[in-house]
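# A look at the structure
Each chain, written out:
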Amino acid sequence: MPESAAEVTAAGIARLAGVGRAAVSNWRRRHADFPKPVGGTEASPSFALPEVESWLRAQGKLAEVPLRERVWQQIAGHPAGAVTALVQSGSVLLLVHDRPAAWPGLAALSDERFAGLLPVALEEVLTARYGLERAVRTPAPAELDGAVPLLRAVVDLAAETGARQAFEFLLGRHLDANPRQHTLTPPGPAALMAALATGSGTAAARPAGTVLDPASGTGTLLRAVDRATALYGQDADPDLAALTALRLALADGAEVRVRPGDSLRADAFPQLAADAVLCHPPFNERNWGHDELAYDPRWEYGFPARTESELAWVQHALARLRPGGTAVLLMPPAAASRRSGRRIRADLLRKGALRAVVALPAGAAPPYGIPLHLWVLRRPAPGVAASPELLLVDTAEQAAAPAGAGAPGGGRDKLDWQAVHTAVLDAWLPFDKHGTVDETPGASRSVPVIELLDDDVDLAPARHLPPPAAAGGAAELAGVRDRLTETLRRTAALTPPSEQPTARAEAPARLPLVTVGELARTGALELRAGGTGAGTGRVLTDHDVLLGQAPSGTLPEGRSEEPVVVAPGDVVVPVLGGGAVARVVDVATAGAALGRNLQLLRPDPAALDPWFLAGFLRGTANTRQASSYASTATRLDVRRLQLPRLPLAEQQRYGERFRALAEFEDALRLAGRLGEQLVQGMYDGLTDGTVKP
């Protein structure tokens, strides 16, 4: 086996064969000829991809490894690391994209000649695209040694999908495999920020002109801009800068200029006067350059305190705008109210630079636990009077989960981004045109600047918006009370009858037991693990199962794996948290994809009753013996859960009782939600005057 051969983990083998990781573990135990590990660790070994591919094909488990999987495994196993492989691959894709006529001649060469001549062709295309100062470096011939098969395969993949799609897939896989290394801006906020800055995606759209992102990350914000003439980016991470440069060049016809470096300390574009700036800056940075940048000319609105790094980014963005240009920054909510930043906020208001503050719902972007803000700024133009009003928008109500979806407030998988997008632009576009906008209680208001210039200069939208009008007032509360009364009646009727005590306690009969793992081996049920899959549609999350609510997640785009789809009669079990929970899938839930940290058990109806199965899986003693414990979490090994061996008719008797218990539990849960809604509605009604005491 050549030293440069790609390696693949058990998870990668499972993806290649379209099976779960447990199946790969079984193959290793049962087949003496299964390939031996060539790397990794004892807990997570890696295997040579060619040997795995050969073994799978010989076993009839794989007709052919999908090209995109082969390419990804080669990138993941690149000797110089996945990032180097991605940059080399993206550079070759850019060559094919920009100069398709040059590729056939290169492809016909031997690997040695190919590695020697490719850098010359790449230098020409990279210089033409980015200039001499650029984030993407031309590789030397020695650096391409062993990478030629990968680069040929990448071009084959581009022939199938297109160069842009091929690079997006590979970059997406890399980001998914390293989720903690990067702070990513989700597509929803990115599209909204681009629309606020340039009108892209709206009826007010205009050519975006020159757009800068001084903390560009993976380029998501710049990718969201339509019809830009030039895209400028800078990032302190040289690897991200290179990947972003390639991503933008493959996706857009605009001029692309991306440089590595810290924008605050070493601004790569000091003379730039951009039409728009988009930025998701790093939050809560103490080491942002406070000491060495004290006399920097960018601090037109005041020198930021050491704890106010975000206000340094705000002023950097304004300094790189042309007069009248617009900047949109994603900001932590504390930046709107911290006392250490009040003087800068006041000066931004007085000079008309800060035009709007938009409160996003929690879960919009990382860090997902807090409701972030969008600041919309405009560089004052000479001779133009400062605006006397500031637009404040709160989108919490627009983003709330649909009725019946569980806890209010949404969360990262439940946000209605279309509603958020519409609510913000419906307020911003008329405000931007007229300088004021009609008030929408609880949602938006244009506030006179003079009202905000107090001792605190607190710009948090919720503190200045009138409360939302009661949707139905006393009439709606009466409807909630009627539903609660009916639910309580139904709950009483569903309460399980008490068992009559016997004269003498009898020892419970011990039934022969069988584990879920044994049932899976005999074909009585099928085990599948949840994941993320690909495409669009609903996802049943572990949170949904725990709360007994409808599927609330969504499938991400750009994935290749097929999701596990639940069907009526499936039993779904969360594997984290240590609780005794199992849910039988009904018709309303069927068709949803199975989310992470969930295990699906699909019983053979001729052998197992699903309600019997779910009921016994919920036994406390059963889950305790099947759980393992780490320092911070409890994990359930579903295969170790036990069931009694009973005839199907006896199972169905148990199943009827378990089904009745589940119906009673659902009624209790609904009664609790309605009770909370009624109580909060009464508090709100009494305090806002819609309900009289």
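Quick caveat: nothing in here was measured; it's all calculated off a predicted structure.

This paragraph deals with a positive patch on the surface. There is a patch of like positive charges on the surface, built from R29, R30, R521 and R639. Of note, R30 is situated in helix α2 (residues 21–30).

Let us now look at the environment of D291. Tracing the backbone shows D291 in the loop between β7 (274–279) and α13 (309–319). When its relative accessible area of 55% is taken as the criterion, D291 is described as exposed. For D291, the side chain forms a polar contact with the side chain of H290, separated by 3.3 Å.

So, about unusual backbone geometry. At the junction of P366 and P367, the peptide bond is cis and its omega measures out at 0 degrees in the coordinates. One can find P367 in the loop between β9 (354–359) and β10 (373–378). Although it is not a glycine, N284 sits at a positive phi angle of roughly 55 degrees. Non-glycine residue N597 carries a positive phi angle of around 60 degrees. You can see N597 is positioned in the loop between β19 (593–594) and β20 (598–603).

Strand order in this open sheet of three strands is β1-β3-β2, and the pairing throughout is antiparallel. Where the open sheet ends on each side, the last strands, each with one partner, are β1 (7–9) and β2 (39–40). The pairing of β2 with strand β3 (residues 45–48) spans two bridges and is antiparallel. From the neighbouring strand, G39 faces β3, where its bridge partner is S46. Sitting on the sheet, helix α3 (residues 49–58) touches β1 and β3, and the angle it makes with β3 is about 75 degrees.

Take the sheet that holds strand β6 (residues 255–260) next. Strand order in the open sheet made by the nine strands is β6-β5-β4-β7-β8-β10-β9-β11-β12, with mixed pairing throughout. The open sheet is flanked by β6 and β12 (444–448), the only strands paired with a single partner. Strand after strand, the sheet turns through a mean of 15 degrees between neighbouring axes, direction not considered. Here strand β4 (residues 209–213) pairs with strand β5 (residues 228–235) via five bridges, running parallel. Within the sheet, the bridge partner assigned to V211 lies in β5 and is L231. Running over the sheet, helix α16 (residues 417–434) touches β9, β10, β11 (389–394) and β12 and is turned about 170 degrees from β11.

Within the secondary structure, R445 is located in strand β12. Given the relative accessible area of 19%, R445 is considered buried. A distance of 3.2 Å separates polar atoms of two side chains, one belonging to R445 and the other to E451. Setting aside its immediate chain neighbours within four residues, R445 contacts L390, L391, L392, E439, E451, H464, L465 and P466.

Burial analysis of β4 places five of its five residues in the buried class, the great majority of the element. As paired strands, β4 and β7 are joined by two bridges and run parallel to one another. Of the residues in β7, the one forming a bridge with V211 is A276.

Here we come to the pattern of salt bridges. Here the structure, examined in full by the defined rule, presents 35 salt bridges. Across the pair R173 and E69 runs a salt bridge whose closest N-O atoms are separated by 2.8 Å. Here E69 lies in helix α4 (residues 67–76) and R173 lies in helix α9 (residues 163–177), a separation of 104 residues in the sequence. This pair shows no difference in class: R173 is buried, exactly as E69 is. Among the salt bridges present, the one from D111 reaches R152, with a minimum N-O distance of 3.0 Å. A residue pair is termed long-range when its members are at least 10 positions apart, and D111 in helix α7 (residues 111–130) and R152 in helix α8 (residues 148–161) qualify at 41 residues.

This part takes up α9. Here α9 is 15 residues long and its end C-alpha atoms lie 21 Å apart, about the 21 Å a rise of 1.5 Å per residue gives. Those residues of α9 that are buried are in contact with α1 (10–17), α4, α5 (82–98), α8, α11 (220–223) and α12 (238–251).

Our focus in this paragraph is the packing of helix α10 (residues 187–198) against α16. Two elements in contact, α10 and α16, have axes whose closest approach is 10 Å; the angle formed by their N-to-C orientations is 15 degrees. Between α10 and α16, the angle is such that the two are roughly parallel. In the packing of α10 onto α16, the handedness of the crossing is right-handed. In this structure, α10 uses G188, P189, A191, L192, A195 and L196 to contact α16, whose residues at the interface are W417, V420, H421, V424, L425 and W428. The residue makeup of the contact of α10 with α16, split by class, is ten nonpolar, two polar and no charged.

Attention now moves to the packing of aromatic side chains. Enumeration according to the criterion identifies 13 aromatic pairs in this entry. Lying across the ring of F169, R68 places its NZ or CZ 4.0 Å from the centre. For the cation-ring pair, R152 lies above F114, with the distance from its terminal atom to the ring centre recorded as 4.8 Å.

Mean pLDDT over the chain works out to 87, with 90% of the residues at or above the 70 mark. In the predicted structure, residues 401–411 sits below a pLDDT of 50 and forms 16 contacts with residues beyond four places in sequence or in another chain.

This part covers the pairing of β6. Direction of pairing for β5 relative to β6: parallel, over a ladder of six bridges. Its bridge partner lying in β6, Y232 is registered against R257. Read as a crossover between parallel neighbours, the route from β5 over α12 to β6 is right-handed.

Along the chain, D637 turns up in the loop between β22 (634–636) and β23 (642–644). Measuring from C-alpha to C-alpha, the distance between D637 and Q599 comes to 9.6 Å, with 38 residues separating the pair along the chain.

What follows deals with the side chain of D235. Tracing the backbone through its elements, the reader meets D235 in strand β5. For the buried D235, no salt bridge is present, and the opposite-charge side chain at shortest range is R247, 11 Å distant. Among residues more than four places away in sequence, those in contact with D235 are A215, S216, G217, L240, A241, R259, P260 and G261.

At a closest axis distance of 7 Å, the pairing of α8 and α9 adopts a crossing angle of 120 degrees. Helix-helix and strand crossings are classified by hand; for α8 and α9 the assignment is right-handed. Only A163, Q165, A166 and L170 of α9 make contact with α8, whose side of the interface consists of V154, L157, A158 and T161. In the contact of α8 with α9, the residues fall into six nonpolar, two polar and no charged.

Basis of the calculations
- Within any chain, residue numbers begin from 1 and follow the written order of that chain's sequence.
- Local features in this predicted model are restricted to residues whose pLDDT is 70 or higher, and side-chain atom pairs enter the listing and the counts only when it is 80 or higher, whereas totals over whole chains, interfaces and linings include all residues.
- For the side-chain quantities, the full set of heavy atoms in the structure was used; hydrogens and water were omitted.
- To count toward a patch, a residue needs a relative accessible area over 30% and no salt bridge; like charges are then connected within 9 Å, while nonpolar side chains (Val, Leu, Ile, Met, Phe, Trp, Tyr) are connected within 5 Å.
- Here, Shrake-Rupley sampling with a 1.4 Å probe gives the accessible areas, and only protein chains in the shown set may cover a residue.
- Any carboxyl oxygen of Asp or Glu within 4 Å of a side-chain nitrogen of Lys or Arg constitutes a salt bridge here.
- Positive: Lys, Arg. Negative: Asp, Glu. His and the chain ends are not part of the count.
- Note that the charge is assigned to NZ on lysines, CZ on arginines, CG on aspartates and CD on glutamates.
- Put simply, DSSP marks the helices as runs of H or I at least four residues long and the strands as runs of E at least two long, and each gets a number from the N terminus on.
- Exposure classes here rest on a 1.4 Å probe applied to the protein chains alone. A residue is buried below 20% of its type maximum, exposed above 50%, and partly exposed in between.
- Under this definition, polar contacts are N or O atom pairs within 3.5 Å; protein pairs additionally need one hydrogen-donor-capable and one acceptor-capable atom, and for neighbouring residues in sequence, both atoms have to be side-chain atoms.
- Pairing between strands is defined by DSSP: at least two bridges between them are needed.
- Contact criterion: two residues are considered in contact whenever any of their non-hydrogen atoms come within 4.5 Å of each other.
- Note on method: axes are straight lines fitted to C-alpha atoms, helices fitted across the in-contact stretch only, with angles between N-to-C directions ranging 0 to 180 degrees.
- Here, expected helix span is obtained from the residue count minus one, scaled by 1.5 Å.
- Comment on the angle field: the value is read as roughly parallel under 35 degrees, roughly antiparallel over 145, roughly perpendicular from 65 to 115, and oblique elsewhere.
- With the far helix as reference, a near helix turned anticlockwise by less than a right angle produces a left-handed crossing, and one turned clockwise produces a right-handed crossing.
- Under the scheme applied, nonpolar residues are Ala, Val, Leu, Ile, Met, Phe, Trp, Tyr, Cys and Pro; charged residues are Asp, Glu, Lys and Arg; polar residues are all the others, including Gly.
- Note on ring pairs: Phe, Tyr and Trp rings are taken, using the six-membered ring of Trp, and paired if centres are within 6.5 Å. Classes follow the plane angle, with under 30 degrees stacked, over 60 edge-to-face and the rest tilted.
- For a Lys NZ or an Arg CZ to count as sitting over a ring, it must be within 6 Å of the ring centre and within 35 degrees of the ring normal.
- Scored between 0 and 100, pLDDT is the confidence that the predictor attaches to each residue.
- Handedness of a crossover is defined as follows: with both strands directed away from the viewer, a clockwise route from the first strand across the helix to the second makes it right-handed.

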